[in-house]
Amino acid sequence: MKKLTFIAYCTALMLLGHLGQAQDSLLDIDRIYSGEFQQEGMSAYQWIDNGDAYAVVERAADGNPQIAKYQTSSGEKSLLVTGEQLVPDGADGSIGVERFSFSPDKTKLLIFTNSSRVWRANTKGDYWILDLETEELRQVGRKFPASSLMFAKFSADQQHVGYVQDFNLYVENIASGEVTQLTKRANEAIINGTFDWAYEEEFGARDGFRWSPSSEHLAFWNFDISGVGTFYMIDNIDSIYSKPLPIQYPKVGQDPSAVKLGIADLKGENIHWVPIPGTANQNYLPGMQWVDEETLLIQQLNRHQNKLTVWKYDLGTAALEQLYVETEDTWVDIYYPDVSAGGWEENDLKLIDDNKAFLRMTEDDDWRHVYRVNIATGEKTLLTPTDFDVASIAGVTDKAIYFHASPENTAQRFLYQANWKGKVKRVTPAEMAGINLYNCAPNGKFAIQQHDEALAPTRYSLISLPDHKPIRPLVTNTPYAQQLQDLALPEVTFFQVTTEEGVPIDGRMIKPVDFDPEKEYPVLFHVYGEPWGAVATDNFIGLWNIMLAQKGYIIIDMDNRGTPCLKGSEWRKSIYRKVGRINAKDQALAAKAVFQQFPFVDASRVAVWGWSGGGSMTQNLLFKYPEIYHTGMAVAGVSLQLIYDNIYQERYMGLPKENIADFIEGSPISHAKGLEGNLLLVHGTNDDNVHYQSQELLVNELIRQNKQFDMIAYPNRSHGIYEGMNTRRHLYTLLTNYLMEKVPINQ
């Protein structure tokens, strides 16, 4: 009897052990947001010594930041800045380092820290100068409030630092600390040295001034937002009385800000305004840069955004010359959205040949190519004579250009090289898959490679060029990779279906854990579908998708026409004036093709979800194709195109006074009466991007149509719905529970 009891005890222990292992291999929302899973990213770094070395922020043994220098080839390490050097006299702790930049002679360091958020990014903060020779550390703009300076930069002669404070430009003498104010706002509607909301959101423009190479002038953007309508968000939770939160936001069809370009001397006594043709509030000026001490290049887009003009302005003679013109029947991109592109960078043209030429990506034939444009003559030379798209530029040397591309598979990215004679070759090894992004050193001998794939964390490595030989790993994320391997992981496959209209649609499918092709499974389509992003890409699928696959869902991402896939210009531009129509139809017909091609996808249990443009797509699909989609979860969607910002919506749709019917037909609110299934609407009430107004308008129309639905409003949350304790955990708990209730898994 004792023997049997002992055997039963041991068996119970074994079963509990297996149960514990099984539980460790499964995810739930609480575990995802517990902090257990943490990927490491690359710290702030810069190439120095023309790429023969790089500087990077690291943590010392005591946890404080320091800045190390590594020789690129050997990995030899030296400390540029110790933790002790970052502690001001009389202070108890380090100032911290969020970003840093060197003076031209590398004897001084400008450090950005203690930042605060402006719209999407932390662009206000404190700046400190560290003299690397004397070790003196002093704060820039000490007389101003904490965390209030923006975009501080050294002058070329290293005598001054320029910066923006309260929408005015200042220069500060480094030696004496004397501060000179260069601009004086006439009223609260004037912005100097930075941009309004729409320029930041849609042109990625933030830093709004440029030092001249002579260090004698600063060129800057000046905005007059007085003609832009004010939208009021409401704060209902921080006081017993509500508080309006105003934002100057130019909606579709409304005039944008009036913008001009000024050039100030260092005395603050004279501002010269560049005489750019055209009405100030009917054109855009997304780019400006110095070529030499007297010459500026200025990029101008017309209101329709289908004509780009590059002007050459001579400060000495005040002569303005039209250097380059590019037109499209649809739109001209300043920044080309792609998984390989940064997205929030200056719009400066890439200067080459000792500033005698610049590079410009265009789509004036079947593919996106890179051209060299001679600044003296305007002559245009093709550098990438390929029958495939250039995704983005990765680096330029005196002999070649490096760029990202993927001719055979739009889900992936690889490095290519084209020499000045037009000879193109792939640099990324053939056996390497996934998304591979490169930051090439200025000398073209090295690159930092970022590698992503569907079921692995991000890795960073240092490689040599052009042979792509590994030098050393930089960030491996090995612990995270092991955590993933300990989970029950799904299979991820990439596929293509052809719709009944003959359109080939690429997709990514995450199959349920323990997948059996003889069974049928519920499916969740994740959508975006607009020109700003693709979703069927070979990067990490995320823990939430893994959890859903563990529960028994198929998750599918597909990219319709109009998304920035590397499938030719016609593919990308076909959505012009058809947002909400051609993209929604492609998604619906592709879903039908999925049901036919993959019999294990249960067409009777279909859900769709998306965020922002994907929220709009979710609404359109649920309203227009109720026979396909039975449940939708729409987060922060645009329900009416006429209430979104003018730069984005007019770029892809035209001006509403010319084709308002296209805006109406593409808007989900126009089709709300078609709702038959389950709809969950989610929005942040302080969404400065897609205003909460969008949700309320749709809710009102659904009530008018007597349609039942579910909704939640997240108080004072922005477009990302992440502010406040527990917000994201709550949101994804909501989405998970709604999905499981409305679209049940196999029992």
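Residues numbered from 1 in each chain as written. Predicted model: local features only at pLDDT ≥ 70, side-chain atom pairs only at ≥ 80, totals over all residues. Heavy atoms only, no water.

## A short note on the environment of Ser226
So, step 1. Mapped onto the secondary structure, Ser226 falls in the loop between strand 15 (217-224) and strand 16 (230-235).
So, step 2. Taking relative accessible area as the criterion, Ser226 reaches 54% and is therefore assigned exposed.
So, step 3. Separated by 98 residues in the primary sequence, Ser226 and Tyr324 place their C-alpha atoms 31 Å from one another.
So, step 4. Within the structure, the side chain of Ser226 is placed 2.7 Å from the side chain of Asp224, a separation counted as a polar contact. (Helix = DSSP H or I, 4+ residues; strand = E, 2+ residues; numbered from the N terminus. Buried < 20%, exposed > 50% of the residue type's maximum accessible area, 1.4 Å probe, protein only. Polar contact = N/O pair within 3.5 Å; in protein donor to acceptor, adjacent residues only side chain to side chain.)

## Some points on empty space enclosed by the protein
So, step 1. Following the criterion strictly, the structure yields 3 cavities of 30 Å³ or more and no others.
So, step 2. What the largest cavity holds in volume is close to 80 Å³.
So, step 3. Together, Trp331, Asp333, Pro337, Glu363, Arg368, Pro531, Gly562, Thr563, Pro564, Arg572, Lys573 and Tyr652 line the largest cavity.
So, step 4. Here the lining of the largest cavity is composed, by residue class, of 5 nonpolar, 2 polar and 5 charged.
So, step 5. Lining the lining of the largest cavity are residues from two domains, each supplying at least three of them: domain 3 (335-453 + 456-477) and domain 4 (490-742).
So, step 6. Considered as a void within the structure, the second largest cavity measures approximately 50 Å³ in volume.
So, step 7. Around the second largest cavity sit Glu202, Phe203, Leu301, Gln305, Val332, Asp333, Ile334, Tyr335, Trp532 and Arg651, which together line it. (1 Å grid on protein atoms, 1.4 Å probe; cavity = no way out; pocket = protein on both sides within 12 Å on 5 of 7 lines; lining within 4 Å. Points joined across faces, edges and corners; volume = space filled by probe spheres on them. Nonpolar A, V, L, I, M, F, W, Y, C, P; charged D, E, K, R; others polar. Domains from an automatic or database assignment.)

## A word on the packing of helix 7 (residues 582-597) against helix 8 (residues 613-624)
Angle between the axes and distance between the axes: these two values describe a pair of packed helices.
So, step 1. For the pair helix 7 and helix 8, the least separation of the axes is 10 Å and the interaxial angle reads 65 degrees. Our pair here, helix 7 against helix 8, has a crossing hand that is right-handed. Contact with helix 7, carried on its side by Asn583, Ala584, Gln587 and Ala588, involves Met617, Asn620 and Leu621 of helix 8 and no other residues of that element.
So, step 2. Residues that form the contact of helix 7 with helix 8 fall into these classes: 4 nonpolar, 3 polar and no charged. (Axes fitted to C-alpha atoms, helices over the stretch in contact; angles between N-to-C directions. Left-handed = near helix turned anticlockwise from the far one by under 90°. Contact = heavy atoms within 4.5 Å.)

## Things to note about the sheet that holds strand 22 (residues 307-314)
So, step 1. Strand order in this open sheet of 4 strands is 20-21-22-23, and the pairing throughout is antiparallel. Taken across any chain shown, the strands that pair with only one partner, and hence form the sheet edges, are strand 20 (283-290) and strand 23 (319-327). Averaged over all adjacent pairs, the angle separating strand axes in this sheet is 20 degrees, with direction ignored.
So, step 2. Direction of pairing for strand 20 relative to strand 21 (residues 295-302): antiparallel, over a ladder of 6 bridges. Bridge pairing links Gln289 to Leu297 in strand 21. (Pairing = 2+ DSSP bridges.)

## Digging into the domain arrangement of the protein chain
Interface size is often expressed as the accessible area that is lost when the parts come together.
So, step 1. Partitioning the protein chain into domains gives domain 1 (43-181), domain 2 (195-326), domain 3 (335-453 + 456-477) and domain 4 (490-742).
So, step 2. The distance between the C-alpha centroids of domain 1 and domain 2 comes to 27 Å.
So, step 3. Taken together, the contacts link 21 residues of domain 1 with 16 residues of domain 2.
So, step 4. Between domain 1 and domain 2, roughly 1500 Å² of surface is buried when both sides are summed, and carbon and sulfur atoms account for 67% of that area.
So, step 5. Three residues, Trp119, Lys153 and Leu169, lead the burial of domain 1 against domain 2; their summed loss comes to 36% of the area buried on that side.
So, step 6. Across the contact surface, domain 1 and domain 2 share 2 salt bridges. (Buried area = accessible area lost by both parts, 1.4 Å probe. Salt bridge = Lys/Arg side-chain N within 4 Å of Asp/Glu carboxyl O.)

## Details of the side chain of Glu202
So, step 1. Following the sequence through the fold, Glu202 ends up in helix 3 (residues 197-203).
So, step 2. Despite being buried, Glu202 has no salt bridge partner; Arg651 is the closest side chain of opposite charge, sitting 4.8 Å away.
So, step 3. Here the side chain of Glu202 touches Tyr644 through a polar contact of 3.5 Å, side chain to side chain.
So, step 4. With near-sequence residues (within four places) excluded, Glu202 lies in contact with Trp532, Tyr644, Asp645, Ile647, Tyr648 and Arg651. (Lys, Arg positive; Asp, Glu negative; His and termini not counted.)

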